[in-house]
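Working through the structure, step by step
Listed below, chain by chain, are the residues.
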Amino acid sequence: MAIRIVSLVARLGLAAVWLISGGLKFLDPVQTKIAVRAYQLLPESLVGPVATALPLVEIVLGLLILVGLAVRVSAAVSVVILTVLIAVIISVWARGLSIDCGCFGGGGAADVGAWDYLKEILRDLGFLALAVWLLVFPRSPLALGPGSRAPFSVDTQSSVAR
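Since the structure is predicted, the reported quantities are computational estimates derived from the model, not experimental observations.

Quick notes on the rules
- Residues numbered from 1 in each chain as written.
- Predicted model: local features only at pLDDT ≥ 70, side-chain atom pairs only at ≥ 80, totals over all residues.
- Heavy atoms only, no water.
- UniProt positions renumbered as here; feature names shortened; annotations may be inferred.
- Helix = DSSP H or I, 4+ residues; strand = E, 2+ residues; numbered from the N terminus.
- Disulfide = S-S within 2.5 Å.
- Buried < 20%, exposed > 50% of the residue type's maximum accessible area, 1.4 Å probe, protein only.
- Core = buried A, V, L, I, M, F, W, Y, C linked by side-chain atoms within 4.5 Å.
- Contact = heavy atoms within 4.5 Å.
- pLDDT = per-residue confidence, 0-100.
- Axes fitted to C-alpha atoms, helices over the stretch in contact; angles between N-to-C directions.
- Parallel < 35°, antiparallel > 145°, perpendicular 65-115°, else oblique.
- Left-handed = near helix turned anticlockwise from the far one by under 90°.
- Nonpolar A, V, L, I, M, F, W, Y, C, P; charged D, E, K, R; others polar.

**Things to note about the UniProt feature "domain: Methylamine utilisation protein MauE" (unreviewed entry) in the protein**
In this structure's numbering, the residues bearing the UniProt feature "domain: Methylamine utilisation protein MauE" (unreviewed entry) are residues 4–136. Between the end C-alpha atoms of residues 4–136 there is a gap of 11 Å, over a span that is 79% helix and 3% strand.

See the structure below:
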């Protein structure tokens, strides 16, 4: 029972992360494009498409995880995206760039230091932990997906059968 409650909390937490992050980026597409460009990793021809697609992907992931549909798949996609984002932040830090990550809106050139990058990495590792948890334990109460749904009460006989 405790695992399913933790899964519910992880599901709601990760959904909130994606919905807030994606929503803020979606509401300010110009700033999102500035943030993507600031990483200096993509050719200019890809900055616009990535800045447009990323918020939409985050919002879709957030909605799927929130309602409990395809939780394991959404968690796996989240693991990939968060791993890439952590690697990108490490890359920016290693290259000596001074930018705001733009993870929750904003982004671009900023006066940041090592502690700022470390905080972003640690925060994203926390989000990654939620995604990994859901990858391993996707079943939780209040989920709509048949492979993700779990009751609040534990029936001993049905638990043994699984």
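**Thoughts on the UniProt feature "transmembrane region" (unreviewed entry) in the protein**
UniProt annotation of "transmembrane region" (unreviewed entry) refers to residues 46–66 and 73–94 when read in the numbering used here. Structurally, residues 46–66 comprises 100% helix and 0% strand, and the distance from its first C-alpha atom to its last is 30 Å.

**Considering the state of the cysteines**
Tallied over the entire structure, the rule returns one disulfide. What pairs with Cys 101 in a disulfide is Cys 103, and their sulfur atoms sit 2.4 Å apart. For the pair Cys 101 and Cys 103, one class covers both residues: buried.

**Digging into the nonpolar core**
In summary, soluble globular proteins display a tendency toward joint burial of nonpolar side chains. One finds Trp 18, Tyr 39, Ile 89 and Leu 134 to be the most contacted residues of the largest nonpolar core, which totals 28 residues. Mapped by element, the contributors of at least two residues to this core are α1 (2–27), α3 (44–67), α4 (71–94) and α5 (114–136). Looking at this core, the element that brings in the most residues is α4, giving nine residues. Aside from chain neighbours lying at most four places away, what touches Leu 134 is Ser 7, Ala 10, Arg 11, Leu 14, Ile 65, Val 71, Arg 72 and Ala 75.

**As for the confidence of the model for the protein**
Confidence in the prediction of the protein, expressed as mean pLDDT, is 90, and 92% of residues score 70 or more. Mean pLDDT across the elements of the protein ranges from a minimum in helix α6 (residues 156–161), with 46, to a maximum in α3, with 97. Taken as a whole, residues 156–161 scores under 50 in pLDDT and shows one contact with residues more than four places along the chain or in a different chain.

**Brief notes about the packing of α4 against α5**
Between α4 and α5, whose axes approach to 8 Å, the crossing angle comes to 165 degrees. One finds that α4 runs roughly antiparallel with respect to α5. For α4 against α5, the interelement crossing comes out left-handed. Classifying every residue of the contact of α4 with α5 by side-chain character gives 23 nonpolar, two polar and three charged.

**Section: the side chain of Ser 74**
Mapped onto the fold, Ser 74 is located in helix α4. The exposure class of Ser 74 is buried, given its relative accessible area of 2%. The residues touching Ser 74, leaving out its near neighbours within four places in the chain, are Leu 61, Leu 64, Ile 65 and Leu 69.

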